[in-house]
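Structural overview for review
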Amino acid sequence: MTKTMQLEVVSAETEIFSGQAAHVLVNGLLGELGIYPGHTQLLTALKPGSVRLIKPDGSEEMLYISGGILEVQPDLITLLADTAIRAADLDEMAALEAKQRVEHALTEKQADIDYAKATAELAQAVAQLQVIAKLKRRATGKR
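I will try to describe carefully the structure that is included in this document. On a predicted model such as this, the values are computed, not experimentally measured, just so you know.

1. Notes on the overall build of the protein chain
- Helix and strand content of the protein chain: 2 helices and 10 strands.
- In sequence order, the secondary structure elements of the protein chain are arranged as β-β-β-β-β-β-β-β-β-β-α-α.
- The dimensions of the protein chain, computed from C-alpha atoms along their principal axes, are 60 × 35 × 25 Å.
- Classification of the 143 residues of the protein chain by burial places 38% in the buried group.
- When the accessible area of the protein chain is evaluated, it comes to approximately 8200 Å², of which 53% is carbon and sulfur surface.

2. A closer look at the pattern of salt bridges
- A complete count under the given rule lists 5 salt bridges for this structure.
- Between glutamate 61 and lysine 55 there is a salt bridge whose closest N-O contact spans 3.2 Å.
- Take glutamate 61: its relative accessible area is 15%, and that puts it in the buried class.
- Bridged by salt links that share partners, the residues Lys55, Glu61 and Arg86 form one connected network.

3. Structural notes on the nonpolar core
- Leu7, Val9, Val24, Leu70, Ile77 and Leu79 are the most contacted members of the largest nonpolar core, which has 20 residues in total.
- For valine 9, the residues in contact, after removing those within four places along its chain, are Thr14, Glu15, Ile16, Phe17, Leu63, Leu79 and Ala84.
- Residues Tyr64, Leu90, Val131 and Ile132 belong to the second largest nonpolar core, which totals 7 residues.

4. With respect to the pairing of strand β7 (residues 60-65)
- Most of β7 sits inside the fold, with 5 of its 6 residues counted as buried.
- Where strand β6 (residues 49-54) hands over to β7, the hairpin turn is made up of 5 residues, of which glycine 58 adopts a positive phi near 95 degrees.

5. Some points on helix α1 (residues 92-108)
- Compared with an ideal rise of 1.5 Å per residue, which puts 17 residues at 24 Å, α1 spans 24 Å between its outermost C-alpha atoms and is within 8% of the ideal.
- Inspection of α1 places Ala95, Ala98, Val102 and Ala105 among the buried residues, and these make up the whole buried set. Buried residues along α1 cover an arc of 100 degrees about the axis, so they all sit on one side. Residues Met93 and Thr107 are exposed on α1 and point more than 90 degrees away from its buried face.
- Check the buried side of α1 and you find it contacts α2 (115-140).

6. Focus: the environment of alanine 12
- Tracing the sequence through the fold places alanine 12 in the loop between β1 (5-11) and β2 (15-21).
- The exposure class assigned to alanine 12 is exposed, which follows from its relative accessible area of 67%.
- Taking the C-alpha atoms as reference points, alanine 12 and threonine 83, 71 residues apart in sequence, are found 6.5 Å from one another.
- Apart from the residues lying within four places of it in its own chain, the contact partners of alanine 12 are Ala81 and Asp82.

What counts as what
- Numbering of residues starts from 1 in each chain and follows the order in which that chain's sequence is written.
- Residue-level local features of this predicted model are given only where pLDDT is at least 70; pairs of side-chain atoms are given and counted only at 80 or more, and the full residue set underlies all totals for whole chains, interfaces and linings.
- Only hydrogens and water are removed before side-chain values are computed, so all heavy atoms of the structure are retained for them.
- The way it works is that DSSP assigns letters per residue, a run of H or I at least four long becomes a helix, a run of E at least two long becomes a strand, and they are numbered from the N terminus.
- For every residue, the accessible area obtained with a 1.4 Å probe (protein chains only) is divided by the maximum for its type, and the residue is called buried under 20%, exposed over 50%, and partly exposed between those limits.
- Only the protein chains shown count as cover for residues, and the accessible areas themselves come from Shrake-Rupley with a 1.4 Å probe.
- Put simply, a salt bridge is a Lys or Arg side-chain nitrogen that is within 4 Å of an Asp or Glu carboxyl oxygen.
- Here, the term nonpolar core denotes a set of buried Ala, Val, Leu, Ile, Met, Phe, Trp, Tyr and Cys residues that are joined through side-chain atoms within 4.5 Å.
- Working rule for contacts: check all heavy atoms of both residues, and any pair within 4.5 Å makes them a contact.
- When DSSP finds two or more bridges between a pair of strands, those strands are recorded as paired.
- Given a helix with a known number of residues, its expected span is that number minus one, times 1.5 Å.
- It is the directions from the helix axis to the C-beta atoms whose arc is reported.

Nothing here speaks to function; it is geometry throughout.
Listed below in structure tokens is the structure:
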């Protein structure tokens, strides 16, 4: 029997995943983290990007988060995110438009722009596009 751990992924709007996982891959502020059953306790901030969860049967699910907090206990992982979306539900055109809009605003150096907010929006749009690209590569069998 494969060792598993309980995974809870919760956004401000809803619980997006609750179930067993064999391992989980997330993007921490200092790089990618791989969490397996029995992992040492951990509390860390996460940056926008993908969350890959491998289920006990070997199937994989990919989510997008806008950033958040990850808490790891020996048998429980809790991921709290402002926004969490299943990768298959991301809108590529909306992400491209958001990226282009923010890039335009930054290059035009508009006086009324909030640079911190614009930079955060750009990071989220780019992260969504990266998750979409990973999902497409996975669907075509390319890694």
